[in-house]
Amino acid sequence: MNDISGLNFEQQKAVNAGPGSVLVLAGPGSGKTRVLTQRVTYLISEGLSPHRLLAVTFTNRAAKEMRSRIESQIDPKFQVRNVGTFHSLCARLLRQQSENDARSKDFVIYDSADQRALIKQSMHYHNIDDKRYKPHSIHSTISTAKNDLIGVSEFSRDSYYDEIVARVYERYQHLLQQNNALDFDDLLAEAVFLLRDNSAVREHYQNLYQKILVDEFQDTNLAQYTLLRLLSGQYRDLFVVGDPDQSIYRWRGADYRNVRRFQTDYPEAEIIYLRKNYRSTQTILDVATAVIDKNHSGGSVRLFSDIAGGDKINVHEAYDEEEEAQFVVDTIKANSINEKIRPGECAVMYRTNAQSRALEEAFVRAGMPYRLLGATRFYARREIKDLLAYIRLIHNMLDTVSLERIINVPSRGIGSQTYSALLEYCEKLNVNPIRLILKLTDDGSDAEHYKALGARTARPLAAFGLLLRGWLNALEAGESVGSLLDLIIHDTNYEAFIKSGKESSSDRWENVEELRKVFSGFDDRDLGEVLEQISLVADVDSLGVDLDGGGAPALMTLHAAKGLEFPLIFIVGLNDGVLPHRRSFDEPEEMAEERRLLYVGLTRAKELIYLSHTFRRYNFGYGSSGIPSRFLKDLPMELVTGDVSTKNISDPTDWPQTNVVKSQSVSNITRSSVDIQFRSGQRVSHHTFGLGIVIESKFLSGDELVIVAFDDVGIKRLVAGSAQLKLEDVE
């Protein structure tokens, strides 16, 4: 029933730990899930009734897997019901104790869309301008307060913004109460308040759950940690498994410091380290450890593997994102041809969803299937489909599908009734709706169609027609496709729409910037060609979706990679401003989390790792010189191969700030100290890299930086003063 013969010494020690509090610090790939399930099996085999234990994790999938593993190892007569997520546990507790709470047991749980609607209602009630104060930001502040167990009455009103949030918070909670509803944060907070304030309820659950086990403990927030403390009570029998170095959900309220709090609040706790990694080579572990050691988190686990040595980590510099994506595709092909690793055993990881665009297009061009995990494919994302619908509408005024999508996006007073009235009128006259809208604009309010539809219906349609006429005029005047897209974004105030309370607004706006980059690359093409190429890419976006993964590489963000493993991984975009993200530059805690994110990515690999950065990078839709990620300088040089050296990876403070406006950075250099020696197109040679062609040459930090495409080794950037480049005569 509880066979632990296959476990190592540390794992067995954790499974067979005595009563009381236990902290298991489990490094990546150390078999923590197996330890947790074996621990439950052990407790049941020792005579504990299954309903006396509680096992908690973060996702329904993880809970289902844990329950399945436990039930496969115990007597079928036992039922394991108390395995679930924090939210499911709290929802059950609140329903069971509804007589001790203001809400009835049939309360509803509002999802994200419901919550946003209620926030906007609360703002409208207080006449708060949702353009000046973003509903998403206010909701996020309220959510953070709830996770920190700060109720309406305790919420600080130290600033004017705090006062605004406090008013919305109060009204929001009133509306939730009125609707007999809870949001996800309330499930946790209300359960904590009930246990804290009602001694009878608290004692009941403390006696019921004599053994409490927690997975992914490093991702708990303050409310969850407080809940666990209240439930453990007099027994103080908490068995928690986690790794502070893998805490990457700070933006959700996760606090890795709960590991330290546990050690302070439970000083008697036995601490067990799971150090043996069953996934990666020792080289991979040594590189990952070198990266995370800079965080000094105080509870890191020193990992070792039976797979001694292993291939060095490959670092590659590409010229831009397109070349970087092509390098990924070519490398997967090469490994596949050599039968070293199958495509389906490869994963490509990146910091933000917007980075998938160049990768997806490279896979499509190569005719290679791929899987996109944890995200919507680039051309299927809502904001991308919106903007492409505008472009299609301008290109083809018979496209009523695109018209229906964007006629009221962003909102412009054309609701379903107005649009239905338009369609009915057009069908009656057998007139194209788009042409009728333009006619309403051109003919004015005295025209026949305007009067027939009525001012209430015709007025917003004519206003939209005015925008459409302006875009058509721009197209006829020869504006480039990139300029046309920018005009649409400006005229519709689409940026404000994206950032006005929608979820993941920063990620969505980054996707818009990525689309602007795509269009800027088509400035010499007509609109029809551009739409055709994009349609071909989008049409095969589903390629590989239905595969089991055996033949399709996986694309995912580093956050989505948590808990997965692959023989070969790529981590792309290792540039300062991307990874680490630019938002972390002035926030030490966020910078530490960026480092943990890279650590998680590195430890997904079994055998091979490719890290890549680019010489040029697009930020906010504009190109600039890229700075290699400051994390690259932490890689042990003896374990790395490829485009890396101590010369071009230094402290961030030493790097030239080439991501500022170029005209300013160039003007600050004393040009007389260096003369430009090389020009684009010249043939040069290098004693190590061989023959190549100069792509670009410019002043940088008092010297001349030369970018050369070498015949054999690809793109290199060299300092002319020390590279000893030679001009070759061209016959």
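Everything numeric here is computed off the predicted structure, so don't read it as measured data. (Residues numbered from 1 in each chain as written. Predicted model: local features only at pLDDT ≥ 70, side-chain atom pairs only at ≥ 80, totals over all residues. Heavy atoms only, no water.)

Another point: the overall build of the protein chain. On a plain count of helices and strands, the protein chain comes out with 27 helices and 24 strands. When the 731 residues of the protein chain are sorted by exposure, 54% land in the buried category. Entry remark: accessible area of the protein chain is about 32,800 Å², with carbon and sulfur atoms responsible for 47%. (Helix = DSSP H or I, 4+ residues; strand = E, 2+ residues; numbered from the N terminus. Buried < 20%, exposed > 50% of the residue type's maximum accessible area, 1.4 Å probe, protein only. Areas by Shrake-Rupley, 256 points an atom, 1.4 Å probe, with all protein chains shown as cover.)

Glancing now at the sheet that holds strand E15 (residues 566-571). Across the sheet, which stays open at both edges, the 7 strands sit in the order E13-E14-E12-E15-E16-E11-E19 with parallel pairing between neighbours. Since the sheet does not close on itself, it has two edges, and those belong to strand E13 (371-372) and strand E19 (640-642), each with one partner. Pairing of strand E11 (residues 313-318) with E19, which is carried by 3 bridges, proceeds in the parallel orientation. By the bridge assignment for E19, Val315 is matched with Gly642. Set on the sheet, helix H25 (residues 588-602) makes contact with strand E12 (346-350), E15 and strand E16 (605-614); between it and E15 the angle comes to about 145 degrees. (Pairing = 2+ DSSP bridges. Contact = heavy atoms within 4.5 Å. Axes fitted to C-alpha atoms, helices over the stretch in contact; angles between N-to-C directions.)

Another aspect to go through is the pattern of salt bridges. What the rule picks out here adds up to 39 salt bridges. The partner of Arg250 in a salt bridge is Glu590, with the nearest N and O atoms 3.8 Å apart. Of the two residues, Arg250 is situated in the loop between strand E7 (238-242) and helix H11 (258-265) and Glu590 in helix H25; the sequence distance between them amounts to 340 residues. The residue Glu565 makes a salt bridge to Arg279 at a minimum N-O spacing of 2.9 Å. With a gap of 286 residues between them, Glu565 in the loop between strand E14 (554-557) and E15 and Arg279 in the loop between strand E9 (276-277) and helix H12 (282-292) connect regions that are remote in the sequence. Overlapping salt bridges bring together Glu321, Glu322, Arg357, Glu361, Glu514 and Lys517 as one network. (Salt bridge = Lys/Arg side-chain N within 4 Å of Asp/Glu carboxyl O.)

This part covers the environment of Arg371. Its place among the elements puts Arg371 in strand E13. Between the alpha carbons of Arg371 and Pro553 there is a distance of 6.1 Å; along the sequence they are 182 residues apart. Of note is the side chain of Arg371, whose polar atom sits 3.0 Å from the backbone oxygen of Ala552. (Polar contact = N/O pair within 3.5 Å; in protein donor to acceptor, adjacent residues only side chain to side chain.)

With that settled, the discussion passes to the environment of Ala554. Among the structural elements, Ala554 can be located in strand E14. Along the chain, Ala554 and Leu373 lie 181 residues apart, while their C-alpha atoms are 6.7 Å from each other. With near-sequence residues (within four places) excluded, Ala554 lies in contact with Cys346, Ala347, Val348, Arg371, Leu373 and Phe566.

Of all the 10 residues making up E16, 8 are buried; the element is thus mostly covered by neighbouring parts of the structure. Pairing of E15 with E16, which is carried by 5 bridges, proceeds in the parallel orientation. Counterpart to Leu568 in the pairing with E16 is Leu608. Handedness of the crossover joining E15 and E16 through H25: right-handed. (Right-handed = clockwise from strand over helix to strand, strands pointing away.)

Moving on: the packing of helix H21 (residues 481-491) against helix H23 (residues 505-520). Relative to each other, H21 and H23 sit at 150 degrees, their axes nearing to 8 Å. Regarding the angle of H21 to H23, the classification is roughly antiparallel. The segment H21 lies against H23, with Val481, Gly482, Leu485, Asp486 and Ile489 engaging Trp509, Val512, Leu515, Arg516 and Phe519. (Parallel < 35°, antiparallel > 145°, perpendicular 65-115°, else oblique.)

Cis geometry is found at the peptide bond from Val409 to Pro410, where omega equals -5 degrees. Tracing the backbone shows Pro410 in the loop between helix H16 (400-406) and helix H17 (416-429). With phi around 55 degrees, Asn493 is a residue other than glycine that occupies positive phi space. Inspection of the secondary structure assignment puts Asn493 in the loop between H21 and helix H22 (494-498).

Now for the nonpolar core. Ranked by size, the top nonpolar core spans 53 residues in total, and within it Leu387, Ile407, Phe464, Leu515 and Phe519 carry the most contacts. Counting 39 residues, the second-largest nonpolar core is a separate cluster that includes Val56, Tyr209, Val214 and Leu228. (Core = buried A, V, L, I, M, F, W, Y, C linked by side-chain atoms within 4.5 Å.)

Read from one edge of the open sheet, 6 strands run E3-E2-E6-E7-E1-E8, paired in parallel fashion. Every other strand in the sheet has two partners, leaving strand E3 (83-85) and strand E8 (270-274) as the edge strands with one partner each. Taking each pair of neighbouring strands and ignoring which way they run, the sheet shows an average axis angle of 15 degrees. In this sheet, E8 lies alongside strand E1 (residues 22-26) in parallel orientation, the contact comprising 5 bridges. The residue bridging Leu25 from the neighbouring strand is Tyr273, located in E8. Most of the contacts of helix H2 (residues 32-45) go to strand E6 (residues 211-214), to which it runs at about 170 degrees, and overall it touches E1, strand E2 (53-57), E6, E7 and E8. Against the sheet, H11 engages E1, E7 and E8, with an angle of about 150 degrees to E1.

This part is about H17. Working note: α-helix, 3.6 residues per turn, so residues spaced by three or four point in the same direction. Between its terminal C-alpha atoms H17 stretches 20 Å, which fits the 20 Å expected from 14 residues at 1.5 Å a residue. Regarding H17, the residues found buried are Thr418, Tyr419, Leu422, Tyr425 and Cys426. Looking down the long axis of H17, one finds its buried residues gathered within 130 degrees of arc, a one-sided arrangement. Seen from the buried face of H17, the exposed residues on the opposite side, beyond 90 degrees, are Ser416, Gln417, Glu424, Glu427 and Lys428. The inward-facing, buried residues of H17 abut H16, helix H18 (433-443), helix H19 (448-453) and helix H20 (455-476). (Expected span 1.5 Å × (residues − 1). Arc of directions from axis to C-beta.)

Its location among the elements puts Val719 in strand E23 (residues 714-719). According to the relative accessible area criterion, Val719 is partly exposed, its value standing at 37%.

The full count for this structure, using the stated rule, is 15 aromatic pairs. With a centroid separation of 5.4 Å and an interplanar angle of 50 degrees, the aromatic rings of Tyr494 and Phe497 are classed as tilted. Residue Tyr494 and its partner Phe497 are located together in helix H22, separated by 3 residues, close to a single helical turn. In terms of burial, Tyr494 and Phe497 fall into one category: buried. Over the ring of Tyr125 we find Arg171, and its NZ or CZ is 3.7 Å from the ring centre. (Phe/Tyr/Trp six-rings, centres within 6.5 Å; stacked < 30°, edge-to-face > 60°. Lys NZ or Arg CZ within 6 Å of the ring centre and 35° of its normal.)

We now examine H25. Over its 15 residues, H25 runs 21 Å from end to end, which matches the ideal 21 Å to within 8%, given 1.5 Å per residue. Counting buried residues along H25, 12 of its 15 residues qualify, which places the element largely inside the surrounding structure.

So, on to the confidence of the model for the protein chain. Mean pLDDT over the protein chain: 84, with 88% of residues reaching 70 or higher. pLDDT under 50 marks residues 538-549. Its contacts with residues more than four places away, or in other chains, come to 21 contacts. Of the regions scoring below 50 in pLDDT, residues 652-674 engages in 35 contacts with residues more than four places distant in sequence or in other chains. (pLDDT = per-residue confidence, 0-100.)

Before going further, it helps to spend a moment on the side chain of Thr331. Mapped onto the elements of the fold, Thr331 is located in helix H13 (residues 321-337). The class for Thr331 is buried, based on a relative accessible area of 9%. Setting aside its immediate chain neighbours within four residues, Thr331 contacts Phe570 and Tyr610.

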